Amino acid sequence: MNRSGERIRFGDGDHPDTHLDALAALENALHQPLPAGLQPVLEAAHTALQDAMQQREAAQQRYRMLFNAVPDPVSILSATGTVLDVNAAGILAYGRRREEIIGQPIELLNPDLPEGHLQPVWETLNHGQSYVIEVTNMRGDGSRFPVEVHSAVFQNDGQPCIVAVARDLSRRWQAESRYRLLMDSIDKGVMLFDPHYRVISTNPAAHRIFGLDGHTPARIPFDSDDWIIVDEHGQPLRPAHWPVTRAFAEGRIIPSTIVGLYHRSRGRMIWISITTVPVFSCGRGAPDHVFSLFSDITELKRDHVLFDRAQALAHIGGWEWDRSQQRLYLTGEAQRILDRTPPPATLEQLLQCMGSDDRQRLQQAIDTEIGYGGGFELDLQVHRGDGHNVWVRMIGETEPGDLASSRIAGTLQDITESRYAEETLKTRARTDPLTGIMNRDAALSDLEARLGNPSHARAAVLYIDLDRFKSINDALGHNAGDELLVEATRRIAAAIGTGGLLARFGGDEFVVICDAREVPDYPETLAQAIVDAFVPPFRLGKDDFAISASIGIARAPTDGERPQQLIQNADVAMYECKRRSRNGWQAFTAEMASAQRDRLQIEHRLRRALEREEFRLVYQPQVDLRSGRVVGGEALIRWHNRQLGELRPDIFINHAESTGDIVRIGDWVLHKACRQVRHWMDQGLGLVRVAINVSYRQFGDDNLARQVREVLEEFRLPGAALELEFTERVLIEDAPATLRTFAELREMGVMLSIDDFGEGYSALNYLRHLPIQGLKLSQLLIEGVPGNRPDVAVCEAVCGIARSLGLGLVAEGIESETQRQFLLELGVPIGQGFLFAPGLTPDEFARCLA
C-alpha cells in the first residue's frame, strides 16, 4: 500500500504472493494420498501454474527493461496524481532514490503545479488526445530544469492511470540563447518577414544600419513617402524585384544583391548588400518566412559612379570638406545642382556662390561643427552658373571618430520646387479665398510686425462693417452676398490705393492698416474716402441696393500697443458709429475706453447675477384707459448688484443681448412670472395676464415655443395667462423660423405683441404674415403727444395700421391726464405708466387687483 492507500500493481492482474501460495499448496497436495484420478489433474495444474509464473516473470522483466530503456524520464501516475512507478532515467534526472519517489504526489517533482492541475489533463485524455505542457521539474537538491511533458492514459487492473514522459528542454533553451546572442552580436543586419512582408523580428545591427532608433518597422516595402529604393544601377526598384519579394515568389535563396535606400526626412543615403533565405515548414511547398541578412556598404559606394546616379534620381548630391588639405569634394549631382564651371574646389569658392547673409550662416554653422559637433542643417539660396537662383538644403556633420574634426561631410539637395510650393501654401494661408485680399491671421501678423518695429509703431487700424449687409444676404442668398463682398472689397481697395493694407476680418467686416507717422489725420482721410466709395448703389442683377459702411479708427500706441487691443478698440469705435448714425467713421476716444471698461465690468457681473439671486421682478399694471380697471400687468426685471448698485434695465439688457446671457435671463423671467400668476390664482385673484419681454436672441434659439409650453404645464396655466412682447428686430433676424415659433405660440393661446412699434425697423411687410395680436406704442412717441405734431402723426398712423389689421393697442409711458385723453380719442383702449402706477412688488400688485 502507498501513502494514500492505493495498491501499486503492475505486470498482471494478481499479486505475486497469491501465486506463490497457490503453487506451495499444490506441491503439498501432491505429497498426500489422493483419490484415484486426482493425481494427474493436480500435477497438470501445478505445471500450468509454474509456466504462468515463469511467463509473468519474463513479462515483468521485459516491461522493466523497456521502461528503463526509455532515455527520457517516465512516470506512472494514479488517477489522483500519485507516482506509482518511475524509470531509471527519471531516477537519474530527479536525483532521488526510487523509494523517495514511489507513492509520493506528483507535486514532489513539479512543485509549481497549481491546485486542480489534473482537471485539464483528464479532460484532454478523456477525448482521446495526448496532453502536452511545459513545466519546471525539481531535483532532489532543489535545482530546477525545464521539461516538456507528454501524458497519455492506460488501464491497469481496470483502473485508469497516466503515463507521463518528460523531455528535458535545457539544451534547447541553451541553443536558443546562443542563437539570440549570435544575432545580437554580429555586425550584419537580420530581418525576418512573413508572407505579408510584415517584419517579425530584427536584430540590433538592422536597427543601427537603418537608424530605426529601436522602433521595428511594421512592414516592408518601406513607406514610399519616407524611402526611395533603387537597384545597383541607381534605377527605381519595383516591388516585384525586391529580394524579399523574389525569395517568397521563387522559393530559393536570392544571393547577395546591392540595393540603395534614401531616407527623405533624414537626407541620408544607405547602400546595403542583402541575401535573402526562404524558410519552409515541414511538408510545405511555399516558404512561411524569409530571412534577410545584409551589410552596410555605404562607405564603399561613396566614390562610385553608381552612387552619383542614385543621388541624381533623388536630386541630392554629396559633399566633403577636408580641412587638413583645404579641399572640397563634390559628387556629380552636387556639381549639377550648383552648375558652376569649374565647380567649387574650396570652401571659400562654395561660399562665394551665396548671398552675404547665407554665406555668414553657413560659415558660422561649420565653425560651430568644428568646435562642438552635433551636425547642422540649413536652407540656403545659391546663385547658379546659368544666372538662376535655387534653394538648397545643406546637411553636414563631422565623420564619427574624427576627434580633430578634420573632415566634415554631408548632402546637398535641390529643394527649389518644395520651397516654392511652401511659399504658395503660405500665401494661400494668408489670403481670403473669396476676395483675394489678406485674411484675419495675415492682418494680425502684419500688425504685430509693425507694432514691434519702433520706426513703424505709429500705425492705425480702420475697422469697417457693411451696413444692411445681413438683410440683403438673407433676402437674396449667399451668392448675391458674395458678389456684394467682392464689389465692396474692390471699392475699399480703390479708395485706399497704396496707402494701407486691406484684409477681410470675417463676414462683412474688413480691416485697413495704415501708417499715421507723417500725416496724423491720414486714417480719417482714408475712412472718408471709403465712406464716399459706398455712395453709388450696388447693382445685383437688375436691382440697385444702397450699402453704406460704418468705420471705427484706433491708433497705436495711444489706443493700444498690442494688435488685439488695437483692433478691439477700433471695433468699439465702429459700433459707436453704428449707434449714432451709421454711414460714417468714428475715432476711438477715452470716453469709449471708459464705457468699454464699464461694459466689461457689467458683463462680468451679469454672468453671475442669476446664481447670486440679484434679479427681481416688479409688475406695472395695464389699465383700461376709460374705466381705470386693471386688466393685466407687465413683468419688468430689476437688477441690484452689490458693487454696482441698481442698474437701469436699458443698460444691462443690451449687454445681456450682446453676450447671449439674455437667453438664460429670459428663461428665468418666464418661470418667475408664471409662478407668480399661479400664486395670485391660488389667492383667489383670478387669472391675470402678464406681459413679458422676449429678446430676439430667444427667438433664434428655436426652443422658445417648447420652453413656454413646459412652463405653462409646470404651473398649470392656460396660454391666455401670457403675453409675449418682442421688438421689431425679431421680424428681420430669421423670418421663416420666426413664423414657425409664432404659429406654435399662437396655438397655445399665448398673446403676441410688438413692443415699441415704430421706433425701430418698422418692418411693415411682416405684419401681414405674422400671427400677432397687438402693437405697443413706444414711450418715445407718447412723450410728445399731444403737443408734438410729428409724434401725433406717427401715433395716428400706427393706430390706423392696428385698426386695419385688427390688432390690439397698448400705450406705455403715460404720465399725464392730457396724454390719457388724447389716446382715448385716438382709440387706444389700454395703457400703462406712472399716471397709474410704477412697477409694483407682487404684494402691491395683488392689492391693486383686489
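Look a little higher up for the structure.
Note that this is a predicted model, so its numbers are computed, not measured. (Residues numbered from 1 in each chain as written. Predicted model: local features only at pLDDT ≥ 70, side-chain atom pairs only at ≥ 80, totals over all residues. Heavy atoms only, no water.)

Turning our attention to the overall build of the protein chain. The helix and strand tally for the protein chain stands at 31 helices and 32 strands. Looking at the protein chain as a whole, 44% of its 850 residues are labelled buried. Residue pairs at least 24 apart in sequence account for 57% of intrachain contacts in the protein chain once pairs closer than 6 positions are excluded. Just so you have it, the protein chain exposes about 44,400 Å², and 52% of that area is on carbon and sulfur atoms. (Helix = DSSP H or I, 4+ residues; strand = E, 2+ residues; numbered from the N terminus. Buried < 20%, exposed > 50% of the residue type's maximum accessible area, 1.4 Å probe, protein only. Contact = heavy atoms within 4.5 Å. Areas by Shrake-Rupley, 256 points an atom, 1.4 Å probe, with all protein chains shown as cover.)

Below, the discussion takes up the nonpolar core. Grouped together as the largest cluster of nonpolar side chains are 74 residues, with contacts concentrated most on Val708 and Leu777. It is helix α22 (residues 662-682) that provides the largest number of residues to this core, a total of eight residues. With 31 residues, the next largest nonpolar core counts Ile472, Ile530, Phe534 and Ala549 among its residues. (Core = buried A, V, L, I, M, F, W, Y, C linked by side-chain atoms within 4.5 Å.)

Looking now at the environment of Glu524. Here Glu524 is to be found in helix α18 (residues 522-533). The spacing of Glu524 and Ala587 is 63 residues in sequence and 8.1 Å in space, taken between C-alpha atoms. Look past the residues within four positions of Glu524 in its chain and what remains in contact with it is Ile553, Arg555, Trp585 and Ala587.

Taken together, the buried positions of helix α24 (residues 704-714) are Leu704, Ala705, Gln707, Val708, Val711 and Leu712. All buried residues of α24 project into a common sector of 160° when viewed along the axis, lining one side. Positive backbone phi, at 55°, marks Arg716, one or two positions downstream of α24. (Arc of directions from axis to C-beta.)

Its 18 residues give helix α19 (residues 563-580) an end-to-end C-alpha distance of 26 Å, which sits within 8% of 26 Å, the value for a rise of 1.5 Å per residue. Looking only at α19, the buried set comprises Pro563, Leu566, Ile567, Asn569, Ala570, Val572, Ala573, Met574, Glu576, Cys577 and Lys578. Tucked inside the fold, the buried residues of α19 contact α15 (440-452), β17 (459-467), β18 (500-506), β22 (548-555), β23 (584-587) and α20 (590-606). Positive phi shows up at Arg582, right after α19, with a value of about 65°. (Expected span 1.5 Å × (residues − 1).)

Take Glu320: it is sitting in strand β12 (residues 316-322). Its relative accessible area of 7% is what places Glu320 among the buried residues. A distance of 2.8 Å separates the side chain of Glu320 from the side chain of Arg407, its partner in a polar contact. (Polar contact = N/O pair within 3.5 Å; in protein donor to acceptor, adjacent residues only side chain to side chain.)

This part covers the environment of Arg393. With respect to the helices and strands, Arg393 occurs in strand β15 (residues 389-398). As a C-alpha pair, Arg393 and Thr416 span 23 residues in sequence and 9.3 Å in three-dimensional space.

Let us look at the sheet that holds strand β2 (residues 83-86). Sheet architecture is open: five strands sit in the order β2-β1-β5-β4-β3, paired in antiparallel fashion. A single partner strand is all that each edge strand has here, and the edge strands are β2 and β3 (131-138). In this sheet, adjacent strand axes meet at a mean angle of 30° when their direction is disregarded. Relative to strand β4 (residues 144-156), β3 runs antiparallel, the two sharing eight bridges. Residue pairing in the sheet places Met138 in a bridge with Arg144 of β4. (Pairing = 2+ DSSP bridges. Axes fitted to C-alpha atoms, helices over the stretch in contact; angles between N-to-C directions.)

Residues of strand β14 (residues 376-383) alternate between two faces, with Phe376, Leu378, Leu380 and Val382 buried on one and Glu377, Asp379, Gln381 and His383 left unburied on the opposite face. Where β14 folds back on β15, the antiparallel hairpin that results is connected by five residues, among which Gly387 adopts a positive phi of roughly 95°.

Time to look at unusual backbone geometry. Cis geometry marks the peptide bond from Thr341 to Pro342, where omega comes out at -10°. Take Pro342: it is sitting in the loop between α11 (332-338) and α12 (347-351). Between Val785 and the following residue, Pro786, the backbone shows a cis peptide bond with an omega angle of 0°. Along the chain, Pro786 falls in the loop between α28 (779-782) and α29 (789-805). One non-glycine residue, Tyr197, adopts positive backbone phi at about 65°. In this structure, Tyr197 sits in the loop between β6 (189-193) and β7 (199-202). Judged by its relative accessible area of 22%, Tyr197 is partly exposed. Even without a glycine there, the phi angle at Glu613 is positive, about 55°. Residue placement: Glu613 occurs in the loop between α20 and β24 (615-624). On the basis of relative accessible area, Glu613 is assigned to the exposed category, the value being 70%.

Turning to the pattern of salt bridges, a few remarks are in order. Following the criterion strictly, the structure yields 38 salt bridges and no others. With a closest N to O distance of 2.6 Å, Glu250 and Arg252 form a salt bridge. Residue Glu250 is classed as partly exposed on the basis of its relative accessible area of 38%. Among the charged side chains, a salt-bridge network with shared partners connects Glu634, Glu725, Lys776 and Glu812. (Salt bridge = Lys/Arg side-chain N within 4 Å of Asp/Glu carboxyl O.)

Taking strand neighbours across the sheet as the criterion, the five strands line up as β18-β19-β17-β22-β23 in an open arrangement whose pairing is mixed. At either end of the open sheet lies a strand with only one pairing partner, and these are β18 and β23. Within the sheet, the average angular offset between the axes of one strand and its neighbour, ignoring direction, is 20°. Pairing of β22 with β23 involves four bridges; the strand directions are parallel. Bridge pairing in β23 links Ile553 to Ala587. On top of the sheet, α18 reaches β17, β19 (509-515), β22 and β23; it is set at about 170° to β22, its chief contact.

Okay, the pairing of strand β30 (residues 774-777) next. Of the two faces of β30, both are covered, the one formed by Gly774 and Lys776 as well as the one formed by Leu775 and Leu777. Relative to strand β31 (residues 808-811), β30 runs parallel, the two sharing four bridges. Bridge pairing in β31 links Leu775 to Leu809.

Let's shift gears to the packing of aromatic side chains. All chains considered together, the criterion is met by 13 aromatic pairs. Each ring, one from Tyr463 and one from Phe505, has its centre 5.9 Å from the other, and the planes form 75°; the classification is edge-to-face. Residue Tyr463 is found in strand β17, and its partner Phe505 is found in strand β18; the two are separated by 42 residues along the sequence. Take Tyr463: its relative accessible area is 5%, and that puts it in the buried class. A relative accessible area of 6% places Phe505 in the buried class. Consider the rings of Phe615 and Phe652, whose centres lie 6.0 Å apart with planes at 40°: the pair is tilted. (Phe/Tyr/Trp six-rings, centres within 6.5 Å; stacked < 30°, edge-to-face > 60°.)

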